[in-house]
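Descriptive analysis of the structure
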2 protein chains.
Amino acid sequence: MQAVRERGLARHLAAWSRSEGTRAACVGRAWCDSVHESPAECVRGAELVVVCVPVDRIVEVLAAAASGMGGGAIVSDVGSVKAGICRAAGTVVPAGAFFIGSHPMAGTEKSGLEHASAGLFEGRSCFVTPPSGAVGDGEEWGGGVVKAVGVLERFWRALGMRTFVVSPQEHDEIVAGVSHLPHFAAVALAGVLMRRPSQWREFGGPGLRDTTRVAGGDPGIWCAIASENRAQILDALDNYRAELDSLRAVFRDGDDKALYAMLSRAKEWRDLLPLLPGS
Amino acid sequence: MQAVRERGLARHLAAWSRSEGTRAACVGRAWCDSVHESPAECVRGAELVVVCVPVDRIVEVLAAAASGMGGGAIVSDVGSVKAGICRAAGTVVPAGAFFIGSHPMAGTEKSGLEHASAGLFEGRSCFVTPPSGAVGDGEEWGGGVVKAVGVLERFWRALGMRTFVVSPQEHDEIVAGVSHLPHFAAVALAGVLMRRPSQWREFGGPGLRDTTRVAGGDPGIWCAIASENRAQILDALDNYRAELDSLRAVFRDGDDKALYAMLSRAKEWRDLLPLLPGS
């Protein structure tokens, strides 16, 4: 909300949080015009509703807010998994309101209000995920969804993000690969090393810190993300295991030429990863 | 050598490099008193010799330098694998000189003179690896090894490092876990993702950048390291695969309690990794 206020994207910013402490902490902040006891009350009259709660809470909060949503309201979330949520959300928001999923790829392994910052989104990627077939084919859905997608794209871009419109399913396949798999890979690394003498921690260089950093993420949040994207993550883990096995085989057989080729292709791929502003 | 000069640890700093270009680049630098055409010439009269070449070159460079090494010379290297090198080096250095392996855990995925810096070692860990049994049991080796270990520890500490004395074998087991395994894990991640649309690169957040960073390392250097530490790395890869498999099984079965426990233990371990100065 800091970023929304700083960039003057909203006349009135209304906040709700399940936690009384967080609600209290919002009162009187420059980026918060009103704090509400209930989701429905919070969204009353809103043109844009963005639900920012852990993925396993999004649908229940949408349901609790539904009675307050007016016709034409554009409703979104920031969950890092989309297929299941978008399916359920479509049945929960009232007729005349449009739910379109969002996933701003920003943030760190730290969570909570105290880690929020206005520059968080600058230059990062953001997915906008209308239901498959809804965009392009105006017929089935009417132009409303198309308009809503446009509004959301402009909103995230105004926060400095680069937006990409994909289906919820395509989104989940992508994040399983670029986000959830790296998380599991890091957790497994920590799992191997925690069985060794704790002094080994002192022997880790920057490489160990970086390869394991995401394993410091909140276990509850990651359990929720993982169970929302189980099938895609299992596929990604199978691909990872196959890749590790062929890497191991090439290495075990002392095939230095093949090993060199695998390491070179990996370097080539990594060297082309775009730099992230502010990281 | 910049760091050695800055901290005034040597009266005379002599340099040799296989590459004529690098030798030329060293001439006239404040941290280089003489540049030599041959290793033997370079080490003549030296009290301390530190061979800084890729692990697969160390023994041949030591052999080429041996004829120049005087009695009492302390000889070391900075290779990131130790058992094989220390075994071979012991047979190559002349009687009266002492070879004790070193492994300063500093540096980045970048290699080469242009990436050298005086602050590189500050606060990092450095292994000193005398032959098993050589330290403690003065009898077998005489006090020379013990003295040499002391000199090397003081040398690396004077560069700002924290030193740890372990056997070459113990060292190789440790680095297989904290350095080589993370490298292979990152390479395999890149290997999975390079098979996906190249646009996926734009969807990676800081987590993907960090978990894959070391995969940007030099393929030649890593092939050499890997083949020097094959057995230990294969063991580490087996442990990693087993850990991934149990993580996958717990996740596939939807055992959220067990998954939460694994993620929590991983976070606990990661949160206790010491911060690295200058990184």
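A quick note: this is a predicted structure, and the numbers were derived from the prediction, not measured.

1. Focus: the pattern of salt bridges
Across all of its chains, the model carries 34 salt bridges over all chains by this definition. Notably, a salt bridge pairs D245 of chain B with R241 of chain A, separated by 2.7 Å at the nearest N-O pair. Here R241 of chain A lies in helix α11 (residues 230–252) and D245 of chain B lies in helix α11 (residues 230–252), a pairing that spans two chains. Of the charged contacts, one joins R248 of chain A and D238 of chain B as a salt bridge, the two residues approaching to 2.7 Å between their closest N and O atoms. With R248 of chain A in helix α11 and D238 of chain B in helix α11, the pair connects residues from two separate chains. According to the relative accessible area criterion, R248 of chain A is buried, its value standing at 17%. Several salt bridges converge on common partners, so that one network encompasses R241 and D245 of chain A together with R241 and D245 of chain B.

2. Quick notes on the interface of chain B and chain A
Counting from both sides, the interface comprises 84 residues of chain B and, opposite them, 84 residues of chain A. For the pair chain B and chain A, the summed buried surface comes to about 8800 Å²; carbon and sulfur atoms form 68% of the total. Three residues stand out in chain B for area buried against chain A, namely R201, R209 and W269 of chain B, and they jointly supply 10% of the buried area on that side. Remark: the boundary between chain B and chain A carries 12 salt bridges. Note that R162 of chain B is salt-bridged to E202 of chain A, the shortest N-O span being 2.2 Å. Summed over the shared surface of chain B and chain A, the result is 33 residue pairs in polar contact (both at pLDDT 80 or more). At the level of elements, β7 (125–129), β8 (162–165), α8 (168–193), α9 (206–212), α10 (219–228), α11 and α12 (256–271) of chain B are the ones that each hand at least two residues to the side of chain B that touches chain A. Of the residues belonging to the side of chain B that touches chain A, the class tally is 45 nonpolar, 17 polar and 22 charged.

3. Describing the packing of aromatic side chains
Within this structure, the stated rule accounts for 11 aromatic pairs over all chains. Ring geometry for F203 of chain A versus F164 of chain B: centroids 4.8 Å apart, planes at 85°, classification edge-to-face. Taken together, the residues span two chains, with F203 of chain A in the loop between α8 (168–193) and α9 (206–212) and F164 of chain B in strand β8. Using a relative accessible area of 13% as the deciding quantity, one classes F164 of chain B as buried. Centroid distance F251 of chain A to F184 of chain B: 5.1 Å. Interplanar angle 55°. Geometry classified as tilted. You can see F251 of chain A sitting in helix α11 and its partner F184 of chain B sitting in helix α8, one on each of two chains. Through a chain of ring-to-ring contacts, three or more aromatic side chains come together here, namely F121, F155 and W156 of chain A. The ring of F251 of chain B carries the charged tip of R230 of chain A above its face, separated from the ring centre by 4.9 Å.

4. A word on the nonpolar core
Core analysis: the biggest nonpolar cluster contains 122 residues, and L62, Y240 and L259 of chain A together with L62, Y240 and L259 of chain B have the highest contact counts within it. The contact partners of L62 of chain A, leaving out residues within four places of it in the chain, are V51, M69, V75, A89, V92, V93 and F99 of chain A.

5. Structural notes on the relation of the copies chain B and chain A
Once chain B has been moved 0.0 Å along the axis and rotated by 180°, it coincides with chain A to within an RMSD of 0.1 Å. Both chain copies can therefore be described as sitting about a two-fold axis. Closest approach to the rotation axis among the C-alpha atoms of chain B is made by T211 of chain B, whose C-alpha sits 2.0 Å away. In this assembly the copies share their binding face: 100% of the residues contributing to the interface of chain B also contribute to that of chain A.

6. With respect to the sheet that holds strand β6 (residues 101–104) of chain A
One key point about sheets: their strands pair by backbone hydrogen bonds, in either a parallel or an antiparallel sense. Residue and element names in this part refer to chain A. Strand order in this open sheet of 3 strands is β6-β7-β8, and the pairing throughout is mixed. Sheet topology places β6 and β8 (162–165) at the edges, where each strand pairs with a single neighbour. Each neighbouring strand pair of the sheet contributes to a mean axis angle of 20°, computed without reference to strand direction. Bridge count between strand β7 (residues 125–129) and β8: 4 bridges; the pairing is parallel. Looking at β8, one finds that C126 is bridged to T163. Packed on one face of the sheet, α8 meets β6 and β7 and runs near 145° to β7.

7. Section: the packing of α11 of chain A against α8 of chain B
Taken N-terminus to C-terminus, the directions of α11 of chain A and α8 of chain B make an angle of 120°; their axes are 9 Å apart at the nearest point. Relative to α8 of chain B, α11 of chain A is oriented oblique. Along this stretch, α11 of chain A crosses α8 of chain B, giving a crossing that reads as right-handed. Contacts between α11 of chain A and α8 of chain B involve N239, Y240, E243, L244, L247 and F251 of chain A from the former and F184, A185, V187, A188, L189, G191 and V192 of chain B from the latter.

8. Some points on helix α12 (residues 256–271) of chain A
The terminal C-alpha atoms of α12 of chain A, which comprises 16 residues, lie 22 Å apart, in line with the 22 Å expected from a rise of 1.5 Å per residue. Those residues of α12 of chain A that sit buried are L259, M262, L263, S264, A266, W269 and R270 of chain A. Close packing links the buried residues of α12 of chain A with α11 of chain A together with α8, α9 and α10 of chain B.

9. Quick look at the environment of V187 of chain B
As for its position among the elements, V187 of chain B is in helix α8. Residue class for V187 of chain B comes out buried when judged on its relative accessible area of 3%. Sequence separation between V187 of chain B and S17 of chain B is 170 residues; the distance between their C-alpha atoms is 30 Å. Sequence-distant contacts of V187 of chain B, that is, excluding residues within four places in its chain, are made with L247, M262, L263 and A266 of chain A together with A215 of chain B.

10. Quick notes on the domain arrangement of chain A
In many analyses, interface size is given as the accessible surface area lost on bringing the parts together. All names here are of chain A. Domain boundaries in chain A define domain 1 (47–166) and domain 2 (171–271). The straight-line distance from the C-alpha centre of domain 1 to that of domain 2 is 29 Å. Listed as interface residues are 15 residues of domain 1 and, on the opposing side, 15 residues of domain 2. For the pair domain 1 and domain 2, the summed buried surface comes to about 1200 Å²; carbon and sulfur atoms form 69% of the total. Where domain 1 touches domain 2, the interface holds 0 salt bridges. For the interface between domain 1 and domain 2, the tally reads 3 residue pairs in polar contact (both at pLDDT 80 or more). Those elements that place two or more of their residues in the side of domain 1 that touches domain 2 are α5 (83–92) and β7. It is α5 that provides the largest number of residues to the side of domain 1 that touches domain 2, a total of 3 residues. Classifying every residue of the side of domain 1 that touches domain 2 gives 7 nonpolar, 5 polar and 3 charged.

Cut-off values and rules
Residues numbered from 1 in each chain as written. Chains lettered and ligands numbered in written order. Predicted model: local features only at pLDDT ≥ 70, side-chain atom pairs only at ≥ 80, totals over all residues. Heavy atoms only, no water. Salt bridge = Lys/Arg side-chain N within 4 Å of Asp/Glu carboxyl O. Helix = DSSP H or I, 4+ residues; strand = E, 2+ residues; numbered from the N terminus. Buried < 20%, exposed > 50% of the residue type's maximum accessible area, 1.4 Å probe, protein only. Contact = heavy atoms within 4.5 Å. Buried area = accessible area lost by both parts, 1.4 Å probe. Polar contact = N/O pair within 3.5 Å; in protein donor to acceptor, adjacent residues only side chain to side chain. Nonpolar A, V, L, I, M, F, W, Y, C, P; charged D, E, K, R; others polar. Phe/Tyr/Trp six-rings, centres within 6.5 Å; stacked < 30°, edge-to-face > 60°. Lys NZ or Arg CZ within 6 Å of the ring centre and 35° of its normal. Core = buried A, V, L, I, M, F, W, Y, C linked by side-chain atoms within 4.5 Å. Least-squares fit on C-alpha atoms with pLDDT ≥ 70 in both. Pairing = 2+ DSSP bridges. Axes fitted to C-alpha atoms, helices over the stretch in contact; angles between N-to-C directions. Parallel < 35°, antiparallel > 145°, perpendicular 65-115°, else oblique. Left-handed = near helix turned anticlockwise from the far one by under 90°. Expected span 1.5 Å × (residues − 1). Domains from an automatic or database assignment.

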